Amino acid sequence: MQSKSYKKVLTFALVLSMMMPIGSAAADTAAEVNAEAETSAADTEAAAEVTEEPEAEAQEAEAADPEAAGEGETANDSAAADDAAAETDDAAAEDAESEEDEDEEEPAVMISDEEALKTCEAVAENDKLKLWMDEENLRFCLQTKSSGKCWWSSPINAEADPTIVDGKDGTMKKGQIQQAQSSMAINIGDLRQEKRTELPAPAYSSRARVKFRKESNGFAATYNYGTQGVRFTAHFELTDKSLHVYVDTKDIVEKDNESENGKVLTKLLFCPYMGAASTVDASGAPVEGYMIVPDGGGAVINYNNGKTNYASYQQRVYGTDYTAVPLNAPRVTEQAYIPVLATVQGSDGLVMVASEGEANVWTNAQISGQNKQAYNNCYFMFETRSTDEFFMSGTDSNKITVFEKYGIKTDRFGVEYFPVENTAGVNYADCAKVYRDYLVDEKGLEQKTAANDSDLYIDTFGGVLKEESIIGIPITLKKRLTTFSQAKTIIEELNNAGADKIVMNYNDWTDKSIKEQVSTKAKASGKLGKNSDLLGLNNDNTVVYSSMNNFTMKKGSWGYSQLSNTAIRVSSAYSRQSEYSPAFGVAITGVSPALIAPNTYVKIFDQTLKSFKDAGFENVGYGDWSSKLVSDFSKKNGSSRNDTMKKIVDGYKAAVDDGEKIIAAGANSYVLPYVSAVTDIPVYSSAFNITDGDIPFYQMVIHGYVPYSTKAINASSNTDLTFMRALAAGSNLNYDMIYEDADELLDTRDDDYFYSHYSGWVTYAANQYKVASKVLAAVSDYTISDYVVEGDVIKTTYSKDGQADVVIEVDTANLKVKVGGETIDLVAEGAVEEGGAKS
């Protein structure tokens, strides 16, 4: 039957070939190949094999324009030779694959670490670690000397892995195996006018020409992607505690990044399968473990969790780049505040820290069975160039993608890999300690917490603009939300209810901040009171931070114009922060606030610091600058996210050096060494489908070093559960409170705070604070050393040198807390409602 069908097809093909010109047949065949390649790239099941399609497309482009393909290489004959060799290797690899497909291959056999090390050469070692280079198999190994644990850059048994990846009986195909055997990967932006897009999937280093060479503390590897026109060198350097992998931008060569038919490097994927774990080891024993991702407070992804039909985890560190304004409302998720990943297998773990270029990095994780591959792995992906989209004629069908011009702005991209051991099993807190130590050693983090300390954090708002009708004429007026005397009333009522230590963050307290203009002068709005009234709120038990939020401006003012001080998008348009319809998620028409250009930050910092110091304000806040990071693509005063991060760090450091104390509302890791308190740290993650549970990983990193609080508990849909999770995370509590009734917020910028009228929350907040103080004050300067979830019970262990460990148990089902042999009934204390904590 197969033979008859084959003859019919052959006969049809012969007749068809005689009916058309040879050139037309070739064109049609090429079109079919391209269509098949595009379909394959879009198909999830073939996503792991798309490295071949972009190369075929690139070869077509080079064939059409050989001069452009070789542009920029004449100055370096050896580089040109490498490029030619790389392209030859690609073609040879394709031929070899075709031959291999035709011939029967002997099945690969699983090997042990000891067997795999036989083809390796030791290139660096110290008291704790040893680095092996395997030039034959284009991989390397970071070995922990005490345990002998090997962390391979790519799985040593990829070809023999028995894991079923298609839900039937199929193991990984050749494309997925080659991906898993890659130590680096890239992605490319196609500049051709008819394409103008990023290629649908990365090109893995198994498709590149790779050369190793030894260096003083490790080795370097040059990756030459001939058909993509990209070459770069990665350095693998052993340090006292880690393996440092980095790529300097000066070592990146793009053959044709300016012509209209060229390509540009858009992504660098560092060691995507470093430490990857299959479902079984070389002996056939099941492999168990988990990965930690920095989503919100933190989340855990268990190995082999069976969630193969869901999307892989991917999240941008430090949040979205607000310069690019989406057409529709972005989905609401928690933010990743720290550039950390971890993978753990029993008594060994590997903590990964994006150490350079972290302002442009994405965290990624997948589990065995996803994307038709066999491994549980996590890795960093660096964005080398930003992109933006705009729409001709205002329709989705005319979308044009624009790539960032004028080269790669970040000097270096780097990741440090820290092995961690614990014979009792590596826990979440062990991994958090690695990153805390990194912040202490490399970023200057110092301990700022006091012993036996607990505070109730209050966010309040001074005023807001509201449009009202006066004799039929719409007039925009400044409305009071909380005057300074009213703030004093709130504090006194909380004190009387038992909340005896308050930290208040006062927002929108100057005329310009109320009017959504750039505000740098420490002068209180007359509608709220005098500077002396605001400063007078401070006493031994109350600390008030006076915050300015100069992230956007609704209107220009003296010295700050919307024409010259607005950030520019990649598309050269002004960046205006759209507001979106709650019902439909589309941008609301009208003039949106302008995003303040990062180049303006230096001036704002200087003026604000001088004014605050002259006016006697010692406690300040800088609003969204602590948690939001932007770019500016203007030609004269552009700023990458990395540049913006440095400006913010310099501004915060200058303020601290001048004696100011800073509060941060949600703190990205780069500001942690400079802030005195952090608010708005979530006790949840975004609950991506692939994750298996939330953990307070961020809190584990900074507990005992920087005081912190939750997001506003009264903004939560389940205040009781949020409160109990805060207790388990060692967190102070935070509430939003204004004095005026909620109806004053209707149709204003602050209408999201509809829940915040203080009178209904004072008793509840005070009762929760009293419990939190009783439970957590004694461990305020301890670090978290363990965090275990057993059903509805969460056990958090606190440690301090010279002191016995303290274990706090929070029972979210029975609404009780145990500490030091005492059981606290949260309902009896008035801290939660009976049955109110069910999720």
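Thresholds, definitions, all that
Residues numbered from 1 in each chain as written. Predicted model: local features only at pLDDT ≥ 70, side-chain atom pairs only at ≥ 80, totals over all residues. Heavy atoms only, no water. Helix = DSSP H or I, 4+ residues; strand = E, 2+ residues; numbered from the N terminus. Contact = heavy atoms within 4.5 Å. Areas by Shrake-Rupley, 256 points an atom, 1.4 Å probe, with all protein chains shown as cover. Patch = residues over 30% accessible without salt bridge, like charges linked within 9 Å, V, L, I, M, F, W, Y side chains within 5 Å. Salt bridge = Lys/Arg side-chain N within 4 Å of Asp/Glu carboxyl O. Lys, Arg positive; Asp, Glu negative; His and termini not counted. Charge placed at Lys NZ, Arg CZ, Asp CG, Glu CD. Pairing = 2+ DSSP bridges. Axes fitted to C-alpha atoms, helices over the stretch in contact; angles between N-to-C directions. Buried < 20%, exposed > 50% of the residue type's maximum accessible area, 1.4 Å probe, protein only. Parallel < 35°, antiparallel > 145°, perpendicular 65-115°, else oblique. Left-handed = near helix turned anticlockwise from the far one by under 90°. Nonpolar A, V, L, I, M, F, W, Y, C, P; charged D, E, K, R; others polar. Polar contact = N/O pair within 3.5 Å; in protein donor to acceptor, adjacent residues only side chain to side chain. Expected span 1.5 Å × (residues − 1). pLDDT = per-residue confidence, 0-100. Core = buried A, V, L, I, M, F, W, Y, C linked by side-chain atoms within 4.5 Å. Disulfide = S-S within 2.5 Å. Phe/Tyr/Trp six-rings, centres within 6.5 Å; stacked < 30°, edge-to-face > 60°.

Trainee: Can you tell me about the overall build of the protein chain, naming the residues and giving the values?
Mentor: Of the regular secondary structure elements, the protein chain holds 16 helices and 41 strands. Summarising the internal contacts of the protein chain: among those between residues at least 6 apart in sequence, 67% fall at separations of at least 24. As displayed, the protein chain offers around 36700 Å² of accessible surface, 48% of which is attributable to carbon and sulfur atoms.

Trainee: Talk me through a positive patch on the surface; I want residue IDs and the actual numbers.
Mentor: Positive charge collects at one region of the surface, where K512, K515, K521, K523 and K555 lie side by side. By secondary structure assignment, the location of K523 is in the loop between α10 (511–514) and α11 (531–535).

Trainee: Would you mind going over the sheet that holds strand β31 (residues 619–621) in detail, with residue names and values included?
Mentor: Here we have eight strands laid out as an open sheet, ordered β35-β33-β32-β31-β28-β27-β24-β36, and parallel in their pairing. Looking at which strands have only one partner, the edges of the open sheet turn out to be β35 (708–710) and β36 (733–736). Going across the sheet, the axis of each strand differs from the next one's by a mean of 25°, ignoring polarity. In this structure, strand β24 (residues 456–461) lies alongside strand β27 (residues 502–507), joined through six bridges in parallel fashion. Along β27, the bridge assignment pairs Y457 with V503. Sheet strands touched by helix α9 (residues 484–496): β24, β27 and β28 (542–547). Its angle to β27, the strand with the most contacts, is close to 155°.

Trainee: Lay out the pattern of salt bridges with the relevant residues and their values.
Mentor: In this structure the tally under the stated criterion is 29 salt bridges. D248 is the salt-bridge partner of R412, the closest N and O atoms lying 2.6 Å from each other. Residue R412 is found in strand β23 (residues 412–421), and its partner D248 is found in strand β11 (residues 243–248); the two are separated by 164 residues along the sequence. Among the residues examined, R412 registers a relative accessible area of 28% and is labelled partly exposed.

Trainee: I'd like a description of the packing of helix α15 (residues 719–728) against helix α16 (residues 762–776), backed by residues and values.
Mentor: Running from N to C, α15 and α16 cross one another at 20°; their axes reach a closest spacing of 10 Å. Taken together, the axis directions place α15 and α16 in an arrangement best described as roughly parallel. Seen from above, α15 lies across α16 with right-handed handedness. Residues T719, D720, F723, A726 and L727 of α15 pack against Y764, Q768, V771, A772 and L776 of α16. Here the residues of the contact of α15 with α16 are counted per class, giving seven nonpolar, two polar and one charged.

Trainee: Describe α15, with residues and values.
Mentor: For α15, the tally of buried residues reaches nine of ten residues, placing the bulk of the element in the interior. After α15 finishes, the residue G730 shows a positive phi value of roughly 65°.

Trainee: For the side chain of S205, give the residues involved together with the corresponding values.
Mentor: Tracing the sequence through the fold places S205 in the loop between β7 (203–204) and β8 (209–215). On the accessibility criterion, S205 (4% relative accessible area) is buried. Here S183 takes part through its backbone nitrogen, which lies 3.0 Å from a polar atom of the side chain of S205. Once residues lying within four places of it in the same chain are set aside, the contact partners of S205 are S182, S183, M184, V210, Y223 and Y225.

Trainee: Requested: an account of the packing of helix α12 (residues 601–615) against helix α13 (residues 641–657), with residues and values cited.
Mentor: Packing of α12 against α13 leaves a shortest axis separation of 10 Å and a crossing angle of 10°. When the axis of α12 is compared with that of α13, the two are roughly parallel. Seen from α12, the contacting residues are Y601, V602, F605 and L609; seen from α13, they are T644, K647, I648, G651, Y652, A654 and A655.

Trainee: Tell me about a negative patch on the surface, and name the residues and values.
Mentor: On the surface, a cluster of negative charge is contributed by E467, D747, D751 and D752. Inspection of the secondary structure puts D747 in the loop between β36 and α16.

Trainee: Can you explain α16? Please cite residues and give values.
Mentor: Taking 1.5 Å per residue as the helical rise, α16 with its 15 residues ought to reach 21 Å, and the 20 Å between its terminal C-alpha atoms agrees with that figure. For α16, the tally of buried residues reaches eleven of 15 residues, placing the bulk of the element in the interior.

Trainee: Residue-level account of the environment of E493, with values.
Mentor: Along the chain, the position of E493 falls in helix α9. Take E493: its relative accessible area is 32%, and that puts it in the partly exposed class. Beyond its immediate stretch of four places on either side in the chain, E493 contacts Y758 and V762.

Trainee: An account of the pairing of strand β39 (residues 803–811) is needed here, citing residue identities and associated values.
Mentor: Here strand β38 (residues 793–800) runs beside β39; their pairing, made up of seven bridges, is antiparallel. In the sheet register, K795 faces β39, and the bridge partner there is E809. In this structure, the hairpin formed by β38 and β39 is closed by a connection of two residues, where G802 is found at a positive phi of approximately 80°. In this structure, the hairpin formed by β39 and strand β40 (residues 816–819) is closed by a connection of four residues, where L815 is found at a positive phi of approximately 60°.

Trainee: Give me the lowdown on the pairing of strand β5 (residues 184–190), citing residues and values where you can.
Mentor: By the criterion of burial, β5 is predominantly enclosed, with seven of the seven residues buried. Neither face of β5 is open: one carries M184, I186, I188 and D190, the other A185, N187 and G189, and all of them are buried. Note that β5 and strand β13 (residues 263–270) share seven bridges and pair antiparallel. Bridged to I186 within β13 is L268. The pairing of β5 with β7 spans two bridges and is classified as antiparallel. Its bridge partner being in β7, A185 is matched across the sheet by Y204. In terms of strand pairing, β5 meets strand β6 (residues 197–198) through two bridges, oriented antiparallel. Across the sheet, the residue bridging to G189 is E198, located in β6.

Trainee: Explain the confidence of the model for the protein chain residue by residue, including any values.
Mentor: Summary statistics for the protein chain give a mean pLDDT of 87 and a share of 85% for residues scoring 70 or more. Scored below 50 in pLDDT, residues 94–103 shows nine contacts in the model against residues more than four places distant or in partner chains.

Trainee: Can you lay out the sheet that holds β39 for me, pointing to particular residues and giving the numbers?
Mentor: Ordered in space as β37-β38-β39-β40-β41, the five strands form an open sheet in which the pairing is antiparallel. Each edge of the open sheet is held by one strand with a lone partner, namely β37 (783–790) and β41 (822–825). Between one strand axis and the next, the sheet turns through 15° on average, direction left out of account. Sheet strands touched by α16: β38, β39, β40 and β41. Its angle to β41, the strand with the most contacts, is close to 165°.

Trainee: Break down the nonpolar core for me, citing the residues and quoting the values.
Mentor: In terms of nonpolar packing, the biggest core is built from 180 residues, with Y417 and W509 touching the most fellow members. In terms of residue count, α16 provides more of this core than any other element does, nine residues in total. Among all residues touching Y417, those that are not within four sequence positions of it are L142, K241, S242, L243, V245, F270, C271, M274, L350, V351 and M352. If you look at the next biggest cluster of nonpolar residues, it comprises 14 residues, including A158, Y273, A276 and Y375.

Trainee: Before we move on, could you go through the state of the cysteines and cite the residues and values that matter?
Mentor: Counting across every chain of the model gives zero disulfides. The thiol sulfur of C378 is not disulfide-bonded, and the nearest other cysteine sulfur, from C431, lies at 10.0 Å. When its relative accessible area of 1% is taken as the criterion, C378 is described as buried.

Trainee: Explain the packing of aromatic side chains residue by residue, including any values.
Mentor: The geometry of two aromatic rings is summed up by the distance between their centres and the angle between their planes. Scanning the entire structure with this criterion turns up 32 aromatic pairs. Ring centres of Y290 and Y428 lie 5.2 Å apart, and the angle between their planes is 75°; on these two criteria the pair is classed as edge-to-face. One end of the pair, Y290, is in strand β14 (residues 290–293); the other, Y428, is in helix α8 (residues 428–443), and 138 residues separate them in sequence. Residue Y290 is classed as buried on the basis of its relative accessible area, which comes to 12%. Summarising the aromatic geometry, the rings of Y322 and F551 are spaced 5.7 Å apart at their centres and angled 90° between planes, so their arrangement reads as edge-to-face. You can see Y322 sitting in the loop between β16 (313–316) and β17 (340–345) and its partner F551 sitting in the loop between β28 and β29 (552–553), a full 229 residues away along the chain. Looking at Y322, the relative accessible area reads 22%, which means it is partly exposed. Relative accessible area serves as the criterion here: at 4%, F551 is assigned to the buried category.

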